[in-house]
Amino acid sequence: MRAYQFDHFGLDHVKLVDRDLPAPGPNEVIVDIKAFSLNYRDLLVIRGHYNPRLKLPATPISDGAGIISAVGANVERVSVGDRVASHFISGWIDGPFCQEYVATTLGAPAAGLAAERVVLPADAVVPIPDNYDLNQAATLPIAALTAWSALVTEGQLRQNQTVLTLGTGGVSIFALQLAQALGARVIITSSSDDKLDRARQLGAAHTINYEQTPKWARAVLDYTAGMGVDVTVETVGAATLNDSLQATRAGGMIAVLGALRGLESTINAGLVLMKRMRVHGVMVDSRAVFEEMVRFIESQNIRPIIDRTFTFDQFPAALHHLESGTHFGKIVVTV
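Now for a quick tour of the structure. Keep in mind it's a predicted model, so treat the numbers as computed, not measured. (Residues numbered from 1 in each chain as written. Predicted model: local features only at pLDDT ≥ 70, side-chain atom pairs only at ≥ 80, totals over all residues. Heavy atoms only, no water.)

## Looking at the environment of Leu221
Looking at where Leu221 falls in the secondary structure, it is placed in helix H6 (residues 216-223). The buried category is assigned to Leu221, whose relative accessible area is 12%. Put simply, Leu221 and Thr248 are 27 residues apart on the chain and 8.3 Å apart in space, counted from C-alpha to C-alpha. Aside from chain neighbours lying at most four places away, what touches Leu221 is Gly226, Met227, Gly228, Gln246 and Ala247. (Helix = DSSP H or I, 4+ residues; strand = E, 2+ residues; numbered from the N terminus. Buried < 20%, exposed > 50% of the residue type's maximum accessible area, 1.4 Å probe, protein only. Contact = heavy atoms within 4.5 Å.)

Structure follows, in structure tokens:
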């Protein structure tokens, strides 16, 4: 069985290796991985920025989809032959988030999915939408569920409200698609006019090139008649959080879910207080919410936007493509 692993931090240390075929223990399943998708988190893990004390060697990648080929004792909720996607925080089944769930995240410290076969807890898989192929299903576990959590679980988005999402990566494009299906308007930002054109084709109500318009928060306020948006999907992190605070209405919510440009900055707490807004951290969501989202996706026939598909042997090239930041939507690797 082939798998990728790294024994030192850095993209150049990701190597293809041969391993023995795994066997499932009690409450475990074997998933024959058919596709996996990339997230910025994967770069952080491989570089050692996510957890510099990660036990090495390790196999990367948090999101994948495949077919169950074997089940261990006591497994009843899924069966051999089921098409499934991985559930990123495998210990979080339902209810409020707990700190101990962090230790169950796939792709470090738990099992990575850049492999032909993986052993997963039976609780860590979710049946995929009937109208999805496995490439499409591999995009759901982090990007789609994070967008859904920001908009629905925490944002409580309603029809005719306005959403701001930053950039055109996997989470932002899913946020655009899901928000529209929920009846909301979407403002999206990018430094690329070509990407903004594509976002408008997908239904974005308003687009802003943040390089041409550095004071993009003011542009959001102008578009919303000075009110600001109801929900901001903050994918960038510390570097843009103050701008997001300005662009969000009084009583609105900012879902902080990314760290593309840093984790620390000086925040204008006065805006939070005077506008009585919520700044809410989003770390994906529970399996129960994942299953709820799948039902919604099926009902609305939402299809993921896949920027580019690589083969298993091209995995290092896929990582560099993600690193370049030129993608629009998701990057998928087929196995």
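## Focus: the packing of helix H3 (residues 140-154) against helix H9 (residues 287-300)
Contact pair H3 / H9: the axes reach a minimum separation of 10 Å and the direction vectors enclose 90 degrees. One finds that H3 runs roughly perpendicular with respect to H9. Residues Leu140, Pro141, Ala144, Leu145, Trp148, Val152 and Thr153 of H3 lie in contact with H9, whose contacting residues are Val289, Phe290, Glu292, Met293, Phe296 and Ile297. For the contact of H3 with H9, the class distribution of residues is 11 nonpolar, one polar and one charged. (Axes fitted to C-alpha atoms, helices over the stretch in contact; angles between N-to-C directions. Parallel < 35°, antiparallel > 145°, perpendicular 65-115°, else oblique. Nonpolar A, V, L, I, M, F, W, Y, C, P; charged D, E, K, R; others polar.)

## Thoughts on the sheet that holds strand S8 (residues 162-166)
As summarised here, the arrangement of the six strands in space is S10-S9-S8-S11-S12-S13, forming an open sheet in which the pairing is parallel. Each end of this open sheet is capped by a strand with a single partner; those strands are strand S10 (206-209) and strand S13 (278-281). On average, adjacent strands in this sheet sit at an angle of 15 degrees to one another, irrespective of strand direction. Bridge count between strand S12 (residues 248-256) and S13: four bridges; the pairing is parallel. Following the sheet pairing, Met253 is matched in S13 by Arg278. (Pairing = 2+ DSSP bridges.)

## Points about the packing of aromatic side chains
On inspection of all chains with the given rule, the structure shows nine aromatic pairs. Centroid distance Phe36 to Phe312: 6.4 Å. Interplanar angle 80 degrees. Geometry classified as edge-to-face. In this pair, Phe36 sits in strand S3 (residues 28-37) while Phe312 sits in the loop between strand S14 (306-311) and helix H10 (315-324), placing the two residues 276 residues apart along the sequence. The buried category is assigned to Phe36, whose relative accessible area is 0%. According to the relative accessible area criterion, Phe312 is buried, its value standing at 3%. (Phe/Tyr/Trp six-rings, centres within 6.5 Å; stacked < 30°, edge-to-face > 60°.)

## Considering the nonpolar core
Counting residues in hydrophobic clusters, the biggest one holds 53 residues, and the most contacted among them are Leu140, Leu151, Val163, Leu178, Phe290 and Met293. Counting only elements with at least two residues in this core, the list comes to helix H2 (134-137), H3, helix H4 (170-181), strand S9 (185-190), helix H5 (193-201), strand S11 (229-234), S12 and H9. Looking at which element gives the most residues to this core, the answer is H3, with nine residues. Apart from residues lying up to four places away in sequence, Leu178 is in contact with Ala144, Ala147, Trp148, Leu151, Phe296, Ile297 and Ile302. Counting residues in each nonpolar core, the second largest holds 39 residues, with Phe6, Val45, Ile61 and Ala115 among its members. (Core = buried A, V, L, I, M, F, W, Y, C linked by side-chain atoms within 4.5 Å.)

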